[in-house]
Number of protein chains: 2
Amino acid sequence: MKKLSRTSLSKIVLLVIDGLGGLPHPKTGKSELESATKPNLDYIARGSVCGLIDPVSPGITPGSAPGHLALFGYDPVEYSVGRGVVEALGIDLELKPNDIAARGNFCTINDGGILTDRRAGRISTEKNTALCRLLNTVTVKGAEILVVPVKEHRFVLILRGEGLSPELADSDPQQVGLAPKKVQALSPQAQKTAEIANEFLSQAQSLLRSARNDSPAANMVLIRGFSKLPDIPSIPEIYKLKPAAIAVYPMYRGLAKLVGMTVLPAGENIIEQMESLHRHYADYDFFFVHFKSTDSRGEDGDFEAKVRAIEEVDNALPNLLNLEPDVLIVTGDHSTPANLASHSWHPVPFMLRSKWCFPDNVTEFSEPACLNGGMGRFPAVEIMPLAMANALKLDRFGA
Amino acid sequence: MKKLSRTSLSKIVLLVIDGLGGLPHPKTGKSELESATKPNLDYIARGSVCGLIDPVSPGITPGSAPGHLALFGYDPVEYSVGRGVVEALGIDLELKPNDIAARGNFCTINDGGILTDRRAGRISTEKNTALCRLLNTVTVKGAEILVVPVKEHRFVLILRGEGLSPELADSDPQQVGLAPKKVQALSPQAQKTAEIANEFLSQAQSLLRSARNDSPAANMVLIRGFSKLPDIPSIPEIYKLKPAAIAVYPMYRGLAKLVGMTVLPAGENIIEQMESLHRHYADYDFFFVHFKSTDSRGEDGDFEAKVRAIEEVDNALPNLLNLEPDVLIVTGDHSTPANLASHSWHPVPFMLRSKWCFPDNVTEFSEPACLNGGMGRFPAVEIMPLAMANALKLDRFGA
């Protein structure tokens, strides 16, 4: 791709409707997309080549990171973003290239050291913040320690220093009735980092048992998903694009930054995101616009609310269409059927509209309609080359 | 898959209709499946996501072993089962991990040592059994020799001992007019095994020329397909399943054992197989049910008989449906069109029914109908992840 890509004036807009795909409602037999009133999405479908994408591969339910990496053209099995890094991205934390990030939980252990509650009774974010302040007093030789609150019982642990390695096993035993584990090095070069992590855990336990902790249920911490920023070639480097991201939620901004996008102001909703798109339209040639609440309402298991979220995106589309982007792609990073109330493995509707696509016979944007689209069913990593081709930004391959 | 799989109470049934796919009858233009009366298969199709599978890849005609390995989730190019091992599995022979198995033929050579009949006039199984008894008197230094009759001119040769290697070329020249070859070692560590095999061949020739042989046409043997049990991760290991096989024919039981399935009593036909499924349904969470005669009648070139075989399976299905398995998959290991009277490369109809599949518009189970199914055309190795996903036995991939 690096060899074939070239810069041009044409513009690509990738609209990601998070958790887009669904399943038929048991009563109506219609999915969330089929149930929504969405004249603009259907209008785009009629001028598009449609299909169904597999973010990772059939049967595999992707997390948000692999789902988005695939849309950005990266093989999600080759390039993985660890739990700790995702957690840090999710609170807009600026990671340095050598930082080791881990996901932390405040938890409860009994007098015998056995885990009795993995979430310390889901303490409030306020108490969490106070406890993180306490843990930030830990000092360990060989690394700076940062403990940053997330929400309820969750925090991010950062180990910052030279020569640290993320090749560490979790301290979290993942089930109550067991004792939290010591952090084990998974390679010889991670030995020093394991010692640092264990020293942190030991000091943390002392502090949490001391009179300075007024949330006694939170008497220990669990750590998992040690990871660092992946070494990933950037979108400007591969595609010679000048890409920008317009996302309300921090994690998606973080993922976008990871692949070299400039993060633009997004406002608070899709209407304001479209306004931001207008303001910055002249300055970039690739725009990733992320819409979140389809996924959130799907995860809530609220079919009707997910339908309304789809209608909310649809309603904002005229202010995208009037920009007449050379290539417009609408898809999702994975399915989140309200019936399942979780991410799922089902393929995701996809459409690409450009002057140079061969429109198919699809007249509405839905799972069954897209199945009969011109792209058929295909892996999400193929979207970026397709977008580049339709933007006439790719040279011929071979003589 | 190993990392994502988890155990749960849900049940998966994989019904393999051997050689399922066919070709249109020259007179009616309808395939065997399209010609059969099969209300139950069609009923399942209406609630399923359908598709067409390629067992290996387009254009490749699979043997039974690669066809089944793909259905069980193994890349059939990476994991191969040699001819000798398949022949041993086919007669329920219990192989030890270091055994070297080869397929043998009794054959006829002339006075000049030139092969004149590769099958010794297809001697009877009875004569074969007597000859194998004779060959079992061979003793060779360095290995125990076992010669086990199969059918007509065919037998299995087992070399049992320490430090043996299957990296040996065939003695079978594969055509008359040539002399049987000496067994050549294909690697230095197979040298000792080559000498053992050649010593066996030399003693076998002496015995078959002696007065103790009263089938003079069988005056020599041909050996091919030296192989040992492949080192293959088991289904319980990869998928954390407790799998069982219900197959009437030994080879399919053998293949199932190879991947870690428990072999259950199957009775003599599909009706008795379904009864066995009922009896053992509580004790396992994955069932492989194998139906053979569609393939046999296809290989006979008997179109009508293959149609009747499909109807025989269909007739047994109510006693499967009443178990309401969480995931039901119906497909084949390859196509065996009666018109071709052999295995073929054509893709094979597939359907998967579960509470969590997105049913498509397919209303009957046939090659043309499945082409328009929700899965489209896809590689058979993707079936297992899909089955696991639909059984809600897979964790999310990535953060």
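Model, not experiment: these values are computed from the prediction.

Student: Residues and numbers for the sheet that holds strand β10 (residues 286-291) of chain B, please.
Tutor: Residue and element names in this part refer to chain B. If you trace the 8 strands from one edge of the open sheet to the other, you get β9-β8-β10-β1-β11-β12-β2-β13, paired in mixed fashion. Two strands close off the open sheet at either side, each with one partner strand: β9 (262-263) and β13 (376-379). Contacts from helix α3 (residues 64-71) reach β1 (12-17), β2 (49-54), β10 and β11 (327-331) within the one sheet, and its direction differs from that of β1 by about 155°. Sitting on the sheet, helix α14 (residues 383-390) is in contact with β1, β2, β10, β11, β12 (348-354) and β13, with an inclination near 15° to β12.

Student: Requested: an account of the side chain of B:Asp18, with residues and values cited.
Tutor: All names here are of chain B. Note that Asp18 resides in the loop between β1 and α1 (32-35). One buried charged side chain, Asp18, makes no salt bridge at all; its nearest oppositely charged neighbour is Lys292, positioned 4.4 Å away. A distance of 3.3 Å separates the side chain of Asp18 from the side chain of Tyr252, its partner in a polar contact. The contacts of Asp18, once residues within four sequence positions are left out, are His68, Tyr252, His290, Phe291, Lys292, Thr294, Asp295, Asp333 and His334.

Student: Let's hear about the packing of aromatic side chains: which residues, and what values?
Tutor: Residue and element names in this part refer to chain A. Following the criterion strictly, the structure yields 12 aromatic pairs over all chains and no others. Plain terms: the ring middles of Tyr74 and Tyr79 are 5.6 Å apart, the flat faces sit at 80° to each other, and that makes the pair edge-to-face. The two residues Tyr74 and Tyr79 agree in class, both being buried. Ring centres 5.1 Å apart and planes at 85° place the aromatic pair Phe350 and Phe378 in the edge-to-face group. With Phe350 in strand β12 (residues 348-354) and Phe378 in strand β13 (residues 376-379), this pair connects stretches of sequence that are 28 residues apart. Note on accessibility: Phe350 and Phe378 belong to one class, buried. Three or more aromatic residues link up through ring pairs in this structure, and these residues are Tyr281, Tyr284 and Phe287. Just above the ring of Tyr281 sits the side chain of Lys11; from NZ or CZ to the centre is 5.2 Å.

Student: Describe the packing of helix α3 (residues 64-71) of chain A against helix α8 (residues 250-258) of chain A, and please don't skip the residues or the numbers.
Tutor: Residues and elements named next belong to chain A. Two elements in contact, α3 and α8, have axes separated by 11 Å at closest approach and are oriented at 45°. Classified by the interaxial angle, the pair formed by α3 and α8 is oblique. Where α3 crosses over α8, the two elements pack in a sense that is right-handed. For the pair α3 and α8, the contacting residues are Ser64, Ala65 and His68 in the first and Met251, Tyr252 and Leu255 in the second. Across the contact of α3 with α8, the residue classes break down as 4 nonpolar, 2 polar and no charged.

Student: Give a description of the relation of the copies chain B and chain A that names residues and reports values.
Tutor: Screw-axis analysis of chain B against chain A gives a translation of 0.2 Å along the axis, an RMSD of 0.1 Å, and a rotation angle of 121°. Given the turn and translation reported, the copies of this chain are related as if by a three-fold rotation axis.

Student: Help me get a handle on the packing of helix α5 (residues 125-135) of chain B against helix α6 (residues 191-209) of chain B, residues and values and all.
Tutor: All names here are of chain B. At a minimum axis separation of 10 Å, α5 and α6 run at an interaxial angle of 120°. Here α6 runs oblique to α5, going by the angle between their axes. Seen from above, α5 lies across α6 with right-handed handedness. Where α5 approaches α6, its residues Leu131, Leu134 and Leu135 are matched on the opposing element by Phe200, Ala204, Leu207 and Leu208. Here the contact of α5 with α6 is built from residues that sort into 7 nonpolar, no polar and no charged.

About the criteria used
Counting restarts for each chain: residues are numbered from 1 in the order of the written sequence. Working convention: letters from A go to chains and numbers from 1 go to ligands, in the order in which they are written. At least 70 in pLDDT is required for a residue's local features to be given in this predicted model, at least 80 for side-chain atom pairs to be given and counted, and no such filter applies to totals for whole chains, interfaces and linings, which use all residues. Hydrogens and waters are ignored; side-chain quantities use all the structure's heavy atoms. One requirement defines pairing of two strands: DSSP has to find at least two bridges between them. Helix and strand labels come from DSSP, where a helix needs a run of H or I of at least four residues and a strand needs a run of E of at least two; each type is numbered from the N terminus. By definition, residues are in contact when any of their heavy atoms lie within 4.5 Å. All axes are obtained by fitting lines to C-alpha atoms, using only the stretch in contact for helices, and the reported angles, taken between N-to-C directions, cover 0 to 180 degrees. Relative accessibility thresholds used throughout: buried, under 20% of the residue-type maximum; exposed, over 50%; partly exposed, between the two (1.4 Å probe, protein chains only). Under this rule, positive means Lys or Arg and negative means Asp or Glu; His and the chain ends count for nothing. The term salt bridge refers to a pairing of a side-chain nitrogen on Lys or Arg with a carboxyl oxygen on Asp or Glu at a separation within 4 Å. We call two N or O atoms a polar contact when they sit within 3.5 Å, provided that within protein one can donate a hydrogen and the other can accept it, with sequence-adjacent residues counted only if both atoms are side-chain atoms. Two rings from Phe, Tyr or Trp (for Trp, the six-membered ring) form a pair when their centres are within 6.5 Å of each other. A pair whose planes differ by under 30 degrees is stacked, one over 60 is edge-to-face, and the rest are tilted. Counting as a charge over the ring demands two things of the Lys NZ or Arg CZ atom: a distance within 6 Å of the ring centre and an angle within 35 degrees of the ring normal. With respect to orientation, any angle under 35 degrees is reported as roughly parallel, any angle over 145 as roughly antiparallel, any angle of 65 to 115 as roughly perpendicular, and every other angle as oblique. The handedness criterion is simple: a crossing whose near helix is rotated anticlockwise from the far helix by less than a right angle is left-handed, and one whose near helix is rotated clockwise is right-handed. Side-chain classes follow a simple rule in which Ala, Val, Leu, Ile, Met, Phe, Trp, Tyr, Cys and Pro form the nonpolar group, Asp, Glu, Lys and Arg form the charged group, and the remainder, Gly included, forms the polar group. C-alpha atoms of residues with pLDDT of at least 70 in both copies form the basis for the least-squares superposition of the copies.

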